[in-house]
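# Residue-level structural notes
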Amino acid sequence: MNNLTKEEMKQIKGGGISVWAIVGIGALVTFLAGVIDGIVRPLDCNK
């Protein structure tokens, strides 16, 4: 096993989550909530 120096540890990247992943997950949750709400509580269209 090798010990890393502070400079080598600063160069390690990975394990993060991007802003677009958070936006995508939020959009998916919102969409699924709308679908479930439409199934459980259907509303008539007002014409």
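What counts and how
- Residues numbered from 1 in each chain as written.
- Predicted model: local features only at pLDDT ≥ 70, side-chain atom pairs only at ≥ 80, totals over all residues.
- Heavy atoms only, no water.
- Helix = DSSP H or I, 4+ residues; strand = E, 2+ residues; numbered from the N terminus.
- Expected span 1.5 Å × (residues − 1).
- Buried < 20%, exposed > 50% of the residue type's maximum accessible area, 1.4 Å probe, protein only.
- Patch = residues over 30% accessible without salt bridge, like charges linked within 9 Å, V, L, I, M, F, W, Y side chains within 5 Å.
- Areas by Shrake-Rupley, 256 points an atom, 1.4 Å probe, with all protein chains shown as cover.
- Salt bridge = Lys/Arg side-chain N within 4 Å of Asp/Glu carboxyl O.

Relative to the 32 Å expected for 22 residues at 1.5 Å per residue, helix α2 (residues 19-40) spans 32 Å between its end C-alpha atoms, a close match to the ideal helical length. The element α2 is barely covered by neighbouring structure, given that only zero of its 22 residues are classed as buried.

Before going further, it helps to examine a nonpolar patch on the surface. A cluster of nonpolar residues, Leu28, Phe31, Leu32, Val35, Ile36, Ile39 and Val40, forms a patch on the protein surface that exposes about 730 Å² of accessible area. By the secondary structure assignment, Leu28 is in helix α2.

Now for the pattern of salt bridges. Overall, the coordinates contain two salt bridges when judged by the stated rule. Measuring nitrogen to oxygen at the nearest pair gives 3.9 Å for the salt bridge that ties Glu7 to Lys10. Taken together, the residues Glu7 and Lys10, both in helix α1 (residues 6-10) and three residues apart, mark about one turn of the helix. Just as Glu7 is exposed, Lys10 falls in that class too. The partner of Arg41 in a salt bridge is Asp37, and the shortest N-O contact between them spans 3.1 Å. Its relative accessible area of 46% is what places Arg41 among the partly exposed residues. Residue classification places Asp37 among the partly exposed positions, given a relative accessible area of 35%.

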